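Chain by chain, the residues run as shown.
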Amino acid sequence: MPYTPAKEFNKKVAYFSMEFGIHQALKIYSGGLGFLAGSHMRSAFELKQNMIGIGMLWKYGYYDQGRNGDQTMSTNFIEKNYTFLEDSGIEVEVKLHDNPSVKVRAMVLKPEIFGTVPMYLLTTDVEGNDYLSKTITNHLYDSNYLTRISQSIVLGIGGAKIVEALGGADMYHLNEGHALPAFYYLRDKGVKKDQMVFTTHTPEKAGNEERDGRHLNRCGFFGRYLSEPELQQEMVNGGMINYTVSALRMAKKSNAVSKLHAKVSRDMWKDYSGISEIIPITNAQNQKFWQDEVIEEAHQEKDAKLYTKRKVELKKDLFNAVLNQTNKLFDPNVMTMVWARRFAGYKRADLLLNDLERFERLINNEKYPVQIIWAGKPYPYDFYAIDIFNHLVHYSKQKSNLAVLVGYEIELSRKLKCGSDIWLNTPRITREASGTSGMTAAMNGSVNVSSNDGWMPEFSKDGINSFVFPVIDQNLPTWDQDKIDSDNLYDILENKVLPTYYDKPKKWQEIVFNSIDDVLPEFGSNRMAKQYYEELYK
């Protein structure tokens, strides 16, 4: 540790996550889960917490998002080399499938590089491993079923062995179920239940992995071969291991990532016996990393002039990226709306296009002009999401005030949050566990226009610090939900957002400052990192 831990954060915590979004240059993240984990590691460092991060060193990252010849999206896998990482000198072995000794090496990201607690990133691309073993840490969320299982074993058991080599920990915290094998391995090693805690993130089925128990047993998932009665105890749903259920059962305490998500999670898992209490610890983002300093100064001083001047500069910066990618000149005096996050069907990137006649009226309104930017990365094999992305590309190609950007990573995310006036967030209700992009947008004066999901019920005051869709029945067919929500979205934009922005600039400025007031410090990750110590680790 580069510092003596603060007294209230003295407990030694090992935090396991499949991805960390720490810096644009360290491409070991895909989206929100990584951004969240990265902010946590930064805040833990700022608060002098006694914590280390355990993650994976992805040789090809998630993927590099580029374009095909017709501007549609391409997925490129490009090898990454990081000379700023140091070999920790720690190498352990794990049993994988029929291979009794796959080598796992820990590379260390020291605190002084990016201002995080020490991070140990695991790789199997190690001399002495066979070719197949070397490729386990190639791709974040590999599409191959066996590779995915191997990745969980490397992160979980390999990670737990690395922590042992570093002298062990008082608490083991799994961020999502990917590292579940750690809990099985640690339990066998005599680590007590009250040393294990778990964060569940997604209500999406795909995010709660479920695999055949007997197959996992053969793969070495449990750290040793479980007898049939032992395996029976772990299995649910007719012979399956559900990563989330197992983690909830083995943890002393678990947390969901917003108050609404805690309710959704308790309801989701209530039929399974023996699961731990699920408390809410709402996700948050690191203010120092994400917030523009001049915007913060203008907010502190409530200096509308300084804010406006800076916003125009930040818009110009974003619009240079738009010009470079799409050859379109955007105007900093025009209200600019951004939809940017991981591309997934339930997040509804194309909700604005639900009623094309109405949408065309909106984008061609000369009295209240708008500019709209979309960006985001679909999972490289989610062809439905990629199709939505490409549909937006084709639709916006000839329109001077619409743009779709590729390369959605930390730096572009920052530009979009700093350079937008409106942050559009459109998930189907209860499907978004937390959603952190709107927090960092609000920190930079981008006003949230959102369905009332995830963190929004804890933050939003409609018309005062944000604009929120009216609540609808989430049990309606998705087609009907989308129709009602899109109609409400057009109404909000036409009757509230645009008239306020253009006709009542003072009122708009008030909403912007209210939004920054209310997002900080409540949704800054220093609050979150403290809350983990006070409520989950104690």
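Right, let's walk through the structure included here. Because the structure is predicted, anything quoted here is derived from the model rather than measured. Position numbers for residues start from 1 in each chain and track the written sequence from start to end. Only residues with pLDDT of at least 70 are given local features in this predicted model, and only at 80 or more are side-chain atom pairs given and counted; all residues enter the totals for whole chains, interfaces and linings. Note that the side-chain values use all heavy atoms of the structure and ignore hydrogens as well as water.

Tallying secondary structure elements over the protein gives 20 helices and 19 strands in all. Note that the radius of gyration is over C-alpha atoms, with the globule rule given as 2.2 Å times the number of residues to the power 0.38. Expected size for 538 residues packed as a compact globule is a radius of gyration near 24 Å; at 23 Å, the protein falls within 12% of this value. Taking the principal axes of its C-alpha atoms as reference, the protein extends roughly 70 × 45 × 45 Å. The 538 residues of the protein split such that 63% are buried. At a minimum sequence separation of 6, the contacts of the protein that also span at least 24 residues come to 72%. The distance from the centre of the 65 positive side-chain charges to the centre of the 68 negative ones in the protein is 2 Å. Segments assigned H or I by DSSP are reported as helices when at least four residues long, segments assigned E as strands when at least two residues long, and all are numbered from the N terminus. In this scheme, a residue with accessible area under 20% of its type's maximum is buried, one over 50% is exposed, and one in between is partly exposed, where area comes from a 1.4 Å probe on protein chains only. Every residue pair with non-hydrogen atoms within 4.5 Å of one another is taken to be in contact. Charge counting treats Lys and Arg as positive and Asp and Glu as negative, with His and both chain ends excluded. For charged residues, the charge sits on one atom: NZ in Lys, CZ in Arg, CG in Asp, CD in Glu.

Moving on, we get to the packing of aromatic side chains. Only the six-membered ring of Trp is used, alongside the rings of Phe and Tyr, when aromatic pairs are assigned; centres must lie within 6.5 Å, and planes under 30 degrees apart are stacked while those over 60 apart are edge-to-face, with the rest tilted. In total, this model carries 32 aromatic pairs according to the counting rule given. Arranged with centres 5.8 Å apart and planes meeting at 75°, the rings of Y307 and F513 form a pair that is edge-to-face. Separated by 206 residues along the polypeptide, Y307 in helix α12 (residues 304-326) and F513 in helix α19 (residues 505-519) bring together distant segments of the chain. Look at Y307 and you get buried, because its relative accessible area is 5%.

Another point: the nonpolar core. Working definition of a nonpolar core: buried Ala, Val, Leu, Ile, Met, Phe, Trp, Tyr and Cys residues. They are joined through side-chain atoms within 4.5 Å. Ranked by internal contacts, the top residues of the largest apolar core, which has 158 residues, are L352, F359, W374 and Y537. Sorting elements by how many residues they give to this core places helix α4 (residues 145-165) first, with eight residues. Ignoring anything within four residues of it in the chain, the contact list for L352 reads M337, F359, L362, I372, W374, L424, L489, Y490 and L493. Counting 15 residues, the second largest nonpolar core, distinct from the first, contains F330, A403, L416 and W423.

Next up on the list: the side chain of S460. Tracing the backbone through its elements, the reader meets S460 in the loop between α17 (456-459) and β19 (467-468). The buried category is assigned to S460, whose relative accessible area is 19%. When sequence neighbours within four positions are dropped, the list of residues in contact with S460 reads N452, N465, S466 and V468.

The next thing to look at is helix α11 (residues 293-301). Working note: α-helix, 3.6 residues per turn, so residues spaced by three or four point in the same direction. Along α11, the residues that are buried comprise I295, E296, A298 and H299. The arc that holds every buried residue of α11, seen down its axis, measures 160°, which confines them to one face. Among the exposed residues of α11, those pointing more than 90 degrees away from its buried face are E293, Q300 and E301. Each element contacted by the buried residues of α11 is listed here: α10 (287-290), α12, α16 (437-443) and α19. Of the residues that open α11, the one with a side-chain oxygen 3.2 Å from the backbone nitrogen of V294 is D292. Within this analysis, the arc is defined by the directions that extend from the helix axis to the C-beta atoms. In protein, a polar contact requires one atom able to donate a hydrogen and another able to accept it; more generally it is a pair of N or O atoms within 3.5 Å, and residues adjacent in sequence count only if both atoms are side-chain atoms.

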